[in-house]
Structures are given as C-alpha cells and as structure tokens.
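# Remarks on the overall topology
Listed below, chain by chain, are the residues.
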Amino acid sequence: MIDAILIAVLALVVSIIGSANPSFWYDEAATISASTRPLPELFELVSSTDSAHTFYYLLMHGWFEIFPHTELWSRIPSSLAVGVAAAGVVTLGRLLSTRSVALSAGVIFAVLPRITSAGIEARPYALATLASVWLTVILIVAARRTSRLMWLLYAVGVVFAVLVNIHLLMLIGVHLCALVMLRLPWVVLRSWALSAAGALVVLIPYLVFMRAQSGQLSWIDPLDHKTFGNVLLTQYFDFSMLFGVLAYVVVAIAAWLYVRRRKVVAFEGQAETAAISVVWMVVPTVGLLVYSIVSQPIYVDRYLSFTAPGAALLLGVSVVTVARKPRLIAALLLAFAIAAVPNWITQRGDYAKFKMDYSQVADTIAAQSSPGDCLLLDDNVTWEPGPIRPLLSARPDAYADLVDVGLGRTGREEGRLWDDNIAPHLIRDKINACSVIWTIAERDPALGSRDVGPNLAPGGPFGTTYAYRVPARLGFHIVERWQFNISQVTKSVR
C-alpha cells in the first residue's frame, strides 16, 4: 500500500508540474465548450456530437461547477487520474510478480512520455488509463478469490470502462488471454465469461448508439507509411526518440537473457507478467489497425493511452531482468527518467499542443482590450484542426466583454460544439458601428512578433481577406499587432 501511494504521488507531481503553461488547443476547447453547458444542452450535444466522451464531459461538468476552467484546473483531473493509475500499476505488478517489478513499473509509468502527455490534457485519456489498470487489478483479485462480489464488481467495472472510452471494450479480449496465461481453472474462466457477458448485455444499447455515431470519426486519416512509426514510437514514447531507443534496447536484452540464462535471471511471475503486458499492448493496437483497414480509419496513437500500463509493466519486468540488483535497478530507472526529461520539457512548452496558441491570444485580448470593443475573426485560416471559432471556446471569459460582430447561430442553439462565423462582408453595418476592432487571423511569417504604429501594413495574406478589407474600406487602420505561433491579433481604429 505504501509503495502504491508513494508512486502515485510521484506520478501526480511529474504530471502536474508545468501543466498550466501549454496553450489550450482544439480538443481541450471542445471539453470546455461541452462541459460548461447546462445539463440539458450537454445531453443534446452528445446525442449527435462527441458521443464517446459523454461520461467524461459529465465528470468535467461537475468539476467546473467547483473549479475555474483555466489551463491548470482543467488539466488537474487528468493529473489526478495519472496518480491513481500509477498506484494501480504498482498494485497490479505486485499481484503478478515481485515488489521490484511493481516499483520499477510504477516509476516507468510515472515518466512514460505518453502518460506525462495524458496527465496534462483536458481529455479523457488519463481517465481511460485509470479504468484500464484498475479493471485489470479487479480481474486478478476476482480470479484468485473466486468471489461473486468481486466478479460483480468486475462486470460493473467493464461497463464503467467502456463508458469512459469505448475502445476499452477490447480489454475483454486482453483479460481472456491473461486468464489463460495464468493457467487458472475452468471455474474462473466461467465466472469471467458470465461477468463479461452480463456487462455486454447492459452495454448493448450504448454500443448500438455508438455504432450509429461512427461518422464522428471521419476526420481520422487512413493508415499510411507513418502509422508504423506511430505504433513503434509515438504510441508510448510521444516524440522521445531517446526514451524509445532505451526501452527497446532494455526489452531486447531482457528477452535475450531470459532465453539464454533463464536459471540465473528468472524470478516470480516474470514470464506471465511479460506475456500479459505484451497482450495488453498488442491486442487493442491490432484491433484498431484491423478495424481501420476493413471498416473505417480509427487509429490515433493517443487513443491507446489505456494500454500504457502494459508497456510500463513490460519495461518493469525488463529492468529487473537486466539489472537484478537494487542499485543497478535504481540506476537504470534513473536513466529512463533522464531520457524522458527533454520530451517532458517540450510537452510543457508554450505551444506544445499541436503548435496552437489559443491561450496566448486570449491573454493578449484580456489584457489589452476594453469593454465594448469589437471582435472580428478571420475564418481564412489554414491550420488544422480548424476553423477559428474554437479558439474563443477555450477561454470564453477573455472575450466576454467584447462585441462579437461575426457571431452567427451559437453552438448551444444548434446542439453543436462550435458557433457559426458570419463573413465580414455580410455584417458591414455592425463593423461600421465599432470604434475599436480586435481581429484574430492567421500568423504572417513575414511580419514581426510585435508591431506598433499609426498605420501598419496588413501583410500579404491578411491584406487580401474580407476581415481586413471590409473594415479598411470603412476607415479602419491597424495600429497594433501581436503575433504568436499560428495566430495574429491586430487592433484597428479609425
């Protein structure tokens, strides 16, 4: 218990440090847009959009009733989930193998790049990871105790896990493989089958509904030559080549030692834990890849965050197999931690989340604008995911006192995530009534990051848009400009 708590605190601290720094991005704006709505509007939204995240949005709705939806507070639930999941990794490691394996797996889980990313993401990936590992803990305990209450708890856990993330349905196959590998008696397999079947019966209406909503994933690109690299590197190691190379080397050496010197390096639960870990990683990955080939593309590396406990356990077993002695184990774990640092720092950079700068734009508008100023959005942005309207949803308070002249029908009115943006040439009268216009457009790499002057040039791309030309014809000229990673903010007066 103490080991699990200590590793949970470690994982929480590693995740939460720097979590307030990266800008919000498109997906997190979706979380805030959905979760801050009244419950009737939230249910209307998820009936047609983002249905897979209904349970998470409900949890975050409750969270935002207590805490503000700032960068830090929006991400704290994910950091907490990583901490609880880390405790689950240690608990599972101890159930399957030795204390050394449990602690090693817990430390690696805490610094695993995929997990340090999920821990600062206001999305359900960390919660799905928590559900995945603790459901597996419940499975092992139920299998050993043969308790009806534990099997009932397992069935409830399956329902909860699938509601958190529908991809966790594939854990049922992983768990069947685990029970077979542990050579458990037929009565245990029968109890598991009954529990899993009961959960599936309860889930049938939800699964049918989700199948009908599969068009919501139409944005995912088909598999290509990059997919193989994503599976091998970014799925668990984000963009940390150093961590990934170290992991593959340690696993390869451990496998070689086990084959060639089994009598020397073998220990309790070694083979079973490694095998279960591999199945945990492979079955869901292959499932998404095969479905992407035969039906529709659904493979996204971060969707498989819930298999990261398997990767941590495999690395934990490998570290103990290779190092064996406590000091050497500690040294190898330190090497993994050091290897994770560069990517960990990058994850916490200003524009770490897909290069987006929603927060920097909001900070500038909030600090520089005055109540009653007008806001105009240039919808001719090329960044993806787009369009530009989600930028406002990430930090709505920053724009609350402005007159949003281009606002059309709101997402809440239509049961959608995003508001409509009206083209500037259709709202000339509204623009003409303004005295100050704050325009958000795409960054121009040919211009500086900060410009002030009585009549600034708009630059090539922006100067050709209606968002500039319509106000300009009404007498407005740019007097200040701020540029960030993908966006620019201009202040225009006349």
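Within each chain, residue numbers correspond to sequence positions counted from 1 in written order. Totals for whole chains, interfaces and linings use all residues, but because this is a predicted model, local features are given only for residues with pLDDT of at least 70 and pairs of side-chain atoms are given and counted only at 80 or more. The side-chain figures draw on all heavy atoms in the structure; neither hydrogens nor water molecules are used.

### Considerations on empty space enclosed by the protein
Cavities and pockets are found on a 1 Å grid laid over the protein atoms alone: a cavity is a set of points where a 1.4 Å probe fits but cannot escape, a pocket is an open set with protein on both sides within 12 Å along at least five of seven lines, and a lining residue has an atom within 4 Å of such a point. Grid points are joined across faces, edges and corners, and a volume is the space filled by probe spheres set on the points. In this structure the tally under the stated criterion is two cavities of 30 Å³ or more. If you add up the space inside the largest cavity, you get close to 50 Å³. As for the largest cavity, its lining consists of Thr439, Phe462, Ala467, Tyr468, Pro471, Ala472, Phe476, Ile478, Thr490 and Ser492. Note on conventions: DSSP H or I runs of at least 4 residues are helices, E runs of at least 2 residues are strands, and numbering of each starts at the N terminus. When contributions to the lining of the largest cavity are tallied by element, the ones reaching two or more residues are helix H23 (466-473) and strand S6 (487-493). The leading source of residues in the lining of the largest cavity is H23, at four residues. Grouping the constituent residues of the lining of the largest cavity by class yields seven nonpolar, three polar and no charged. Around the second largest cavity, the lining residues are Leu135, Val158, Ala161, Val162, Leu168, Leu169, Leu171 and Ile172. Take the lining of the second largest cavity: its biggest share by element is three residues, from helix H9 (residues 148-164). Just so you know the grouping, Ala, Val, Leu, Ile, Met, Phe, Trp, Tyr, Cys and Pro go in nonpolar, Asp, Glu, Lys and Arg go in charged, and all remaining residues, Gly too, go in polar. Among the residues forming the lining of the second largest cavity, the class breakdown is eight nonpolar, no polar and no charged.

### Focus: the packing of helix H12 (residues 225-237) against helix H13 (residues 241-260)
Helix packing for two helices is described by the angle between their axes and how far apart those axes are. At a closest axis distance of 10 Å, the pairing of H12 and H13 adopts a crossing angle of 110 degrees. Considering the angle they form, H12 stands roughly perpendicular to H13. Contacts from Leu232, Leu233 and Phe237 in H12 reach Met241, Phe243, Gly244, Ala247 and Tyr248 in H13. Of the residues assigned to the contact of H12 with H13, the class counts are seven nonpolar, one polar and no charged. To obtain an axis, a line is fitted to C-alpha atoms, over the contacting stretch when the element is a helix, and the angle between two such axes runs from 0 to 180 degrees between their N-to-C directions. With respect to orientation, any angle under 35 degrees is reported as roughly parallel, any angle over 145 as roughly antiparallel, any angle of 65 to 115 as roughly perpendicular, and every other angle as oblique. Two residues qualify as a contact provided that any one of their heavy atoms is within 4.5 Å of a heavy atom in the partner residue.

### Focus: the state of the cysteines
Covalent bonding between the sulfur atoms of two cysteines is what defines a disulfide. By definition, disulfides here are pairs of cysteine sulfur atoms that lie within 2.5 Å. Under the criterion given, the structure shown has one disulfide. Each disulfide pairs two cysteine sulfurs, and for Cys374 the partner residue is Cys434, the sulfurs being separated by 2.0 Å. In this structure, the disulfide formed by Cys374 and Cys434 twists by about -95 degrees around the S-S bond and is classed as left-handed. With Cys374 in strand S1 (residues 374-377) and Cys434 in the loop between helix H21 (428-432) and strand S3 (436-442), this residue pair connects regions lying 60 residues apart in the sequence. Summarising the burial analysis for this pair, Cys374 and Cys434 share the class buried. When a residue's accessible area, from a 1.4 Å probe over protein chains only, is under 20% of the maximum for its type it is buried; when over 50% it is exposed; and in between it is partly exposed.

### Describing the packing of aromatic side chains
Paired rings are identified among Phe, Tyr and Trp, the last through its six-membered ring, by centres lying within 6.5 Å, and are further divided according to the angle between planes into stacked (under 30 degrees), edge-to-face (over 60) and tilted (the rest). Scanning the model with the defined rule gives 15 aromatic pairs in all. Judged by centre distance (5.2 Å) and plane angle (85 degrees), the rings of Phe55 and Phe160 are edge-to-face. Remark: Phe160 occurs in helix H9 and Phe55 occurs in helix H4 (residues 54-64); sequence separation between them is 105 residues. Consider the rings of Phe67 and Trp73, whose centres lie 4.6 Å apart with planes at 5 degrees: the pair is stacked. For Phe67, a relative accessible area of 25% gives the class partly exposed.

### Structural notes on the pairing of S6
For S6, the tally of buried residues reaches seven of seven residues, placing the bulk of the element in the interior. Burial along S6 is two-sided: Ser487, Val489, Lys491 and Val493 and Gln488, Thr490 and Ser492, pointing in opposite directions, are all buried. Sheet topology note: the S3/S6 ladder contains seven bridges and is antiparallel. Residue pairing in the sheet places Thr439 in a bridge with Thr490 of S6. Strands are labelled as partners when DSSP assigns at least two bridges between them. Where strand S5 (residues 477-483) and S6 come together, six bridges link them in antiparallel fashion. Residue pairing for S6: Arg481 is matched across the bridge by Thr490. If you look at the hairpin formed by S5 and S6, you'll find three residues sitting between the two strands.

### Let's talk about the domain arrangement of the protein chain
Structurally, the protein chain comprises domain 1 (1-20 + 70-348) and domain 2 (358-493). All the domain ranges listed were derived from an automatic or database domain assignment. Between domain 1 and domain 2, the C-alpha centre-to-centre distance is 43 Å.

### Quick notes on the nonpolar core
Residues enter a nonpolar core if they are buried and are Ala, Val, Leu, Ile, Met, Phe, Trp, Tyr or Cys, with the set joined through side-chain atoms within 4.5 Å. Counting 142 residues, the largest nonpolar core has Phe243, Phe336, Tyr399 and Ile440 as the members making the most contacts within it. Of all the elements, helix H8 (residues 125-145) adds the most residues to this core, at 15 residues. Looking at which domains feed residues into this core, each of domain 1 (1-20 + 70-348) and domain 2 (358-493) supplies at least three. In this structure, Tyr399 is in contact with Tyr358, Val361, Ala362, Ile365, Leu375, Leu391, Leu392 and Ile440, ignoring residues within four places of it in sequence. With 14 residues, the next largest nonpolar core counts Cys374, Ala441, Val470 and Ile478 among its residues.

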